[in-house]
Amino acid sequence: MKGLVKSNAPSRKMDRFLRGLAMLSGLAIAVSAYVDWRTFRIETLKADQTRRILATTERVLGALKDAETGQRGFLLTGDSRYLEPYNSAQEALPHLLETLSSAAAVKPMQAARVAQVRALIIQKRAEMAQTLNVRRDEGERAALAIVKTNRGQELMDKVRSLCREITENEYADLSEHSRQAQRHADQSRAVTILGSLILFALLVSEKAASRLIKRQDELLQELDESRQRFQMTLVGIGDAVIATDSRGIINFTNPVAQALTGWDQDEAVAKPLDDVFRVVNEITRTPIESPVTKVLRDGAVTSLADHIVLLTKSGNEIPIEDSGAPIRDRAGRTIGVVLVFRNITDRRRAAQDITQWKQIFDNAGFGMAVLNANGERLAAINAAFAAMHGFAVDELVGRPLADLAAPEWRDELLAAMHVRDSDSVHRMFEGTHVRKDGTKFACLIDMTIFLDAEGAELYRAAYFSDISERKKIEEATRESEERFRTLATALPELIWSSMADGTIEYVNPLWREYAGWPADQGAPSDPWANLLHPDEREQYLGKWSSSLNTGDLFEMQCRLRRASDRNYRWFLCRAVPMRDPSGRIVRWLGGCTDIHHQIESADQLKRTNEALRRSNADLEQFAYAASHDLQEPLRMVAIYTQLLKEEYAAKLDLQANSYIDLAVTGARRVETLLKDLLLYSRVSGAQTDDDELVDANDALKKALLNLEVSISENTAKVTSGVLPKVRIPEPHLIQLFQNLISNALKYRRPEPPTINISAERQGERWQFAVADNGIGIEAQYLTHIFGVFKRLHGHSYEGTGIGLAICQKIVDRNGGRIWVQSEPGKGSIFFFTLRAA
Ligand code: ADP
């Protein structure tokens, strides 16, 4: 290029022209660079200023909140520690406000807002100072009354709202600065590219070009840095920011906005805001008016309505709070909108949590109270607590807890509350409380002390239960236990109780004495082992463990060893389970009754009965043998007396003959007597279930056959109905019929005898009746005649007096009964019962 310049005049001229052009281009680039540098400087300063305003506004709000928190803490508790945050915030505020004012001084609108904030803060500080003084001088109620006017809250709300406006304006400025910087960078790039092209075209010297390019690069780099600083500011902000142009087309989103919406910067940029920032009313689900439209229309900072949810790209819903502000150029024209929004899920959840816990507290079914540090005063109480004491909630808040304690318990309560025991933040007391109407009730207090990180007490929470009913039940249980023990001591029984698994928990003194257990010691681990007789031990323990498993009543006779003489005595041991309302066995109650005497008496009785049975058998054997053996010699006497009469009657005189007749008659009578006695003694043997079944019709037929002669001699009429089958040996039934019918024939009246035999069912038995129309029996002899040898008409009628005794014995042996109904001169009915088939 140097060669070309030196080659000729026209080219030198051209060269000069070109050089001139190059210098002009260089100058243009330099001027552009200078302007960019200036712009960059100004923008940097502005960005710093914006950051300072944002940070200071936040600190002012923070300090004010600290002051308010301290104020509320002191108002509620009276604890001067709460004044520490209050005081330090009060100290910091003037300086912070000063800083904010100077930062905002160059922006008239912001300066005006800051001035308003300052004025409001002065009022707020005055209000706080006033409430604190009232709390100190006039107490908690008066101070809370001022708080309840909401004046402080209103001031605070105004400050917040102004601060938000300041913040949002600064966000809008930031965005605008960023845009300006971008524009400058673009312009600068264009000038530079154009100039560079010219320079290269004019073959400017490498040195100049490189210097210019280097400068250009430096400027570009500085511009880039400037833009990055703006970006960093927006990027580093905790809120989501989206900027759009005046048509609502997105040109910037910060990372928080990207995370919340789910749209990357690249995806979102150049899209209409409504595509990315989709918001609906959380309750009605209707879409919300686009904030861009709203800001462009109102031309001012604007907030969206409440209950807004953002629909993210993936379809999730996030509750948000947002505001929009216009971006204006130097001429004041609105060239875009900046939208600032934040996720309020956590805040809302926290608010819901607080509401929920408050509801739980207020509506809990048991009394709850929050007490201030040291637990002296009731800071908050729920309805159940107030109702339990007969008060309204308002009547009790702020009052000392000790007011509710019965006078006799007050000191104890205070002492218990003030025990300094750092290990125990939880305590429980039972005491007596008084209701508004003066009545008292037993109260259980379960109190927890809440401490801060340094271990200082913050407040206490406690729940209160009216335990009067429980106390009554405890008292009743104690009394019933007492009664049981008294009874158990008084009874001549061995009494014990065990747990559900059979472990002995109580035995009465008699038991201890009997078993030889010392009074001051519990039951041995295996209480039954040494007590039970070895013969019954295994069975007893088996039965007992089966009762423990099944819950069935336990009962067994067994021998227990008496410690005093080591003798075993018979007991009837019983145990019954005691169940709770759900049916679960809670314990067993047992008693052992001494039945030693009964058992021994029963044994004795058994032995006596056995002896009696043997002696009866011997007696019957003897009677049988005697009557049998006497028959033979008697028959000899009868035969020989008969022979004597037959052969010597003619040789003997009348007197001798009559003696012989008397001897014959006597011998016959004795013979009959012996026969009857033999019959009587043969009726023996006890009834058994498998006794033979007899058809009474057959038995009657056989009896009538035996009496055939006598019936016809007496011209008697014997009738009978259909008779049943009964359980009795057949000879016995024949004998019964025979004896009763022969008596009916014998004890007849002059007219012909009529005899009727019938039977009727009576439950398990048949009742037979043998009725006659004979002479009848006097009422006083109706039972007498069944005895052996008992006769009423001894002289006029032949007989031995054994017939009815035999009937009685037969019926007895067969499990029945015999009796007679009679009317003298009219007849008799003999009844007897026998077991049915
Ligand atoms: P005996 O007939 O041998 O005297 P029983 O033992 O058969 O002995 O009768 C006892 C007594 O009962 C009889 O002596 C009689 O006085 C009275 N007696 C029995 N059966 C009848 C009857 N059917 N009518 C009236 N009296 C009777």
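Preceding this paragraph is the structure being described.
Because the structure is predicted, anything quoted here is derived from the model rather than measured. (Residues numbered from 1 in each chain as written. Predicted model: local features only at pLDDT ≥ 70, side-chain atom pairs only at ≥ 80, totals over all residues. Heavy atoms only, no water.)

Caption draft 1: Geometry of the sheet that holds strand β21 (residues 754-762). Spatially, β19-β21-β22-β24-β23 is the arrangement adopted by the five strands of the open sheet, whose pairing is mixed. In the strand order of this sheet, the two ends are held by β19 (717-720) and β23 (818-823), each with one partner. Taking the axes of each pair of neighbouring strands and ignoring which way they run, one obtains an average angle of 15° across the sheet. One ladder, built from six bridges, connects β23 with strand β24 (residues 827-835); its direction is antiparallel. Counted as the bridge partner of S822 is S828 from β24. (Pairing = 2+ DSSP bridges. Helix = DSSP H or I, 4+ residues; strand = E, 2+ residues; numbered from the N terminus. Axes fitted to C-alpha atoms, helices over the stretch in contact; angles between N-to-C directions.)

Caption draft 2: Expanded view of the site of the ligand. Taken together, 21 residues lie around the ligand, and K746, Y747, R791, H793 and T800 are the ones closest in. Take N743: an N or O atom from its side chain is 2.9 Å from an oxygen atom of the ligand. Between an oxygen atom of the ligand and a main-chain N or O atom of L804, the distance comes to 2.9 Å. Protein contact buries 98% of the 520 Å² of open area that the ligand shows by itself. Put simply, the ligand lies in the largest pocket. Contributions of two or more residues to the shell around the ligand are made by α23 (730-746), α24 (803-813) and β24. (Near = heavy atom within 4 Å. Polar contact = N/O pair within 3.5 Å; in protein donor to acceptor, adjacent residues only side chain to side chain. Areas by Shrake-Rupley, 256 points an atom, 1.4 Å probe, with all protein chains shown as cover. 1 Å grid on protein atoms, 1.4 Å probe; cavity = no way out; pocket = protein on both sides within 12 Å on 5 of 7 lines; lining within 4 Å. Sits in = over half its atoms within 2 Å of the grid points.)

Caption draft 3: Region of the structure containing the packing of aromatic side chains. For the coordinates displayed, the defined rule picks out 20 aromatic pairs. Look at W496 and W544: their rings are 5.5 Å apart centre to centre, the planes differ by 80°, and that puts the pair in the edge-to-face class. With W496 in strand β13 (residues 494-499) and W544 in helix α18 (residues 534-550), this residue pair connects regions lying 48 residues apart in the sequence. We note that W496, like W544, is buried. (Phe/Tyr/Trp six-rings, centres within 6.5 Å; stacked < 30°, edge-to-face > 60°. Buried < 20%, exposed > 50% of the residue type's maximum accessible area, 1.4 Å probe, protein only.)

Caption draft 4: Structural view of the pattern of salt bridges. Inspection of every chain in the model, using the stated rule, returns 44 salt bridges. In this structure, the salt-bridge partner of E289 is R297, at a minimum N-O distance of 2.5 Å. When the shortest N-O distance is used, the salt bridge between E321 and R347 registers 2.8 Å. Taken together, the positions of E321 in strand β6 (residues 317-328) and R347 in helix α12 (residues 345-363) put the pair 26 residues apart, joining distant regions of the chain. (Salt bridge = Lys/Arg side-chain N within 4 Å of Asp/Glu carboxyl O.)

Caption draft 5: View of the side chain of T56. The residue T56 is located in helix α2 (residues 9-77) in this model. Overall, the relative accessible area of 7% leaves T56 in the buried class.

Caption draft 6: Highlighting the state of the cysteines. A full pass over the atoms with the stated rule returns zero disulfides. Summary of cysteine pairing: C558 is not part of a disulfide, and the nearest cysteine sulfur, belonging to C573, is at 3.6 Å. Since its relative accessible area comes to 0%, C558 is described here as buried. (Disulfide = S-S within 2.5 Å.)

Caption draft 7: Layout of the environment of E225. Within the element layout of this structure, E225 appears in helix α7 (residues 206-236). Note on E225: relative accessible area 40%, which makes it partly exposed. Sequence separation of E225 and T44 is 181 residues, and the distance between their C-alpha atoms is 9.8 Å.

Caption draft 8: Looking closely at unusual backbone geometry. Positive phi values are uncommon outside glycine, yet A270 reaches one of about 80°. For A270, the position within the fold is in the loop between α9 (265-268) and α10 (273-276). A positive phi angle, close to 65°, is found at R285, a residue other than glycine. Looking at where R285 falls in the secondary structure, it is placed in the loop between β3 (278-281) and α11 (291-298).

Caption draft 9: Layout of the nonpolar core. Core analysis: the largest hydrophobic core is formed by 40 residues, its most contacted members being L733, F737, I741, F768 and F832. Going through the elements one at a time, α21 (696-706), α23, β21, β22 (765-771), α24, β23 and β24 are the ones with two or more residues in this core. A per-element tally of this core places α23 first, with eight residues. Discounting residues that sit within four places of it in the chain, L733 has contacts with V694, A696, A699, V726, I728, F832 and L834. Among the nonpolar cores identified, the runner-up in size contains 33 residues, and A67, Y86, M128 and M156 belong to it. (Core = buried A, V, L, I, M, F, W, Y, C linked by side-chain atoms within 4.5 Å. Contact = heavy atoms within 4.5 Å.)

Caption draft 10: Spatial organisation of a nonpolar patch on the surface. The grouping of F17, L21, L24, L27, V31, Y34, V35 and W37 at the surface amounts to a nonpolar patch, some 760 Å² of accessible area in total. Position of L27 among the secondary structure elements: in helix α2. (Patch = residues over 30% accessible without salt bridge, like charges linked within 9 Å, V, L, I, M, F, W, Y side chains within 5 Å.)

Caption draft 11: Inspection of the sheet that holds strand β12 (residues 457-466) at higher detail. In space, the five strands of this open sheet follow the order β9-β8-β12-β11-β10, with antiparallel pairing throughout. Looking at which strands have only one partner, the edges of the open sheet turn out to be β9 (378-381) and β10 (426-434). Across the sheet, the axes of successive neighbouring strands diverge by a mean angle of 25°, strand direction being ignored. Where strand β8 (residues 367-372) and β9 come together, three bridges link them in antiparallel fashion. When the sheet's bridge partners are listed, L371 is paired in β9 with L378.

Caption draft 12: Molecular detail of the packing of helix α4 (residues 108-138) against helix α5 (residues 140-148). For the pair α4 and α5, the least separation of the axes is 7 Å and the interaxial angle reads 155°. When the axes of α4 and α5 are compared, the pair comes out roughly antiparallel. The way α4 lies across α5 gives a crossing that is right-handed. Side by side, α4 and α5 meet where Q130, T131, V134, R135 and E138 of the first sit next to E140, A142, A143, I146 and V147 of the second. (Parallel < 35°, antiparallel > 145°, perpendicular 65-115°, else oblique. Left-handed = near helix turned anticlockwise from the far one by under 90°.)

Caption draft 13: Summary view of the pairing of β22. Most of β22 is tucked away: five of the seven residues are buried. Alignment of β21 against β22, held across seven bridges, turns out to be antiparallel. Along β22, the bridge assignment pairs A759 with F768.

Caption draft 14: Highlighting the pairing of strand β7 (residues 334-343). Of all ten residues making up β7, seven are buried, and the element is well covered by its neighbours. Bridge count for strand β1 (residues 240-245) against β7 is six bridges, and the pairing is antiparallel. Looking at β7, one finds that A243 is bridged to V338. Bridge count for β6 against β7 is nine bridges, and the pairing is antiparallel. Residue G324 lies in a different strand from β7, and its bridge partner there is L339. Between β6 and β7, which pair antiparallel and follow one another directly, the connecting turn spans five residues, one of which, G332, has a positive phi of 90°.

Caption draft 15: Just the side chain of R113, in detail. As for its position among the elements, R113 is in helix α4. One polar contact links R113 to E165, side chain to side chain, over a distance of 3.0 Å. When neighbours within four sequence positions are excluded, R113 is seen to be in contact with L162, E165, I166 and N169.

Caption draft 16: A look at the packing of helix α19 (residues 596-648) against helix α20 (residues 654-682). For the pair α19 and α20, interaxial distance at closest approach is 8 Å and the crossing angle is 155°. Put simply, α19 runs roughly antiparallel to α20. Crossing of α19 over α20 shows left-handed handedness.

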